[in-house]
Amino acid sequence: QVQLVESGGGLVQAGDSLRLSCAASGRTFSRYAMGWFRQAPGNEREFVGAVNWRGESTYYPDSVKGRFTISRDNARNTAYLQMNILNPEDTAVYYCAADRRPFRGSWYGISSADFGSWGQGTQVTVSS
């Protein structure tokens, strides 16, 4: 039903920026929070951040807070991940995912299990 397609990845140098996009199908896109995750070779999947259904609340882990910004354009059914001051540790496949339930009102206790539909990912490689 809901399909997600990530794009915007590539090879960049340390200190550079990238803007990833997540295009979603479906007329109910605006009801669900959107999350971003990443997985580096040999590492577990890591939560990068999320934006709520309204687009007015975001949540980030300390590892990316201040460098990454998540936003969305509900009119275009698209979520974004702006990544600044990239470093080699940011190298990973980046995935977007949609919340399993609509109109989530709090980030308390949020986990990967709360997200259902996933995209195929886009590769981000940061050279030193």
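Here, the structure is the one placed above.
In short, a report on the structure. The structure presented is a predicted model; accordingly, all values stated were derived computationally and were not measured.

**Some words on the side chain of asparagine 52**
- Secondary-structure assignment places asparagine 52 in the loop between β5 (46-51) and β6 (58-59).
- At 3.0 Å, the side chain of asparagine 52 and the backbone nitrogen of glutamate 56 are in polar contact.
- Residues contacting asparagine 52, with those up to four places away along its chain left out, are Ala33, Ser57, Arg72 and Trp107.

**Describing the environment of valine 51**
- Of note, valine 51 is situated in strand β5.
- In this structure, the C-alpha to C-alpha distance between valine 51 and tyrosine 32, residues 19 residues apart in sequence, is 9.1 Å.
- Here valine 51 is in contact with Ala33, Met34, Ser57, Thr58, Ile70, Ser71, Arg72 and Trp107, once residues within four sequence places are set aside.

**What to know about the pattern of salt bridges**
- Applying the stated criterion to the full structure yields 7 salt bridges.
- Of the charged contacts, one joins aspartate 90 and arginine 67 as a salt bridge, the two residues approaching to 2.8 Å between their closest N and O atoms. In this pair, aspartate 90 sits in the loop between β8 (78-83) and β9 (92-99) while arginine 67 sits in the loop between β6 and β7 (68-73), placing the two residues 23 residues apart along the sequence. A single burial state applies to aspartate 90 and to arginine 67, both of which are buried.
- A single network of salt bridges, built from pairs that share partners, joins Arg38, Glu46, Arg67 and Asp90.

**Describing the side chain of aspartate 99**
- With respect to the helices and strands, aspartate 99 occurs in strand β9.
- Polar side-chain contacts of aspartate 99 include one of 2.6 Å to the side chain of arginine 104.
- Setting aside chain neighbours within four positions, we find aspartate 99 in contact with Tyr32, Ala33, Arg104, Asp114, Phe115 and Gly116.

What counts as what
- Residues numbered from 1 in each chain as written.
- Predicted model: local features only at pLDDT ≥ 70, side-chain atom pairs only at ≥ 80, totals over all residues.
- Heavy atoms only, no water.
- Helix = DSSP H or I, 4+ residues; strand = E, 2+ residues; numbered from the N terminus.
- Polar contact = N/O pair within 3.5 Å; in protein donor to acceptor, adjacent residues only side chain to side chain.
- Contact = heavy atoms within 4.5 Å.
- Salt bridge = Lys/Arg side-chain N within 4 Å of Asp/Glu carboxyl O.
- Buried < 20%, exposed > 50% of the residue type's maximum accessible area, 1.4 Å probe, protein only.

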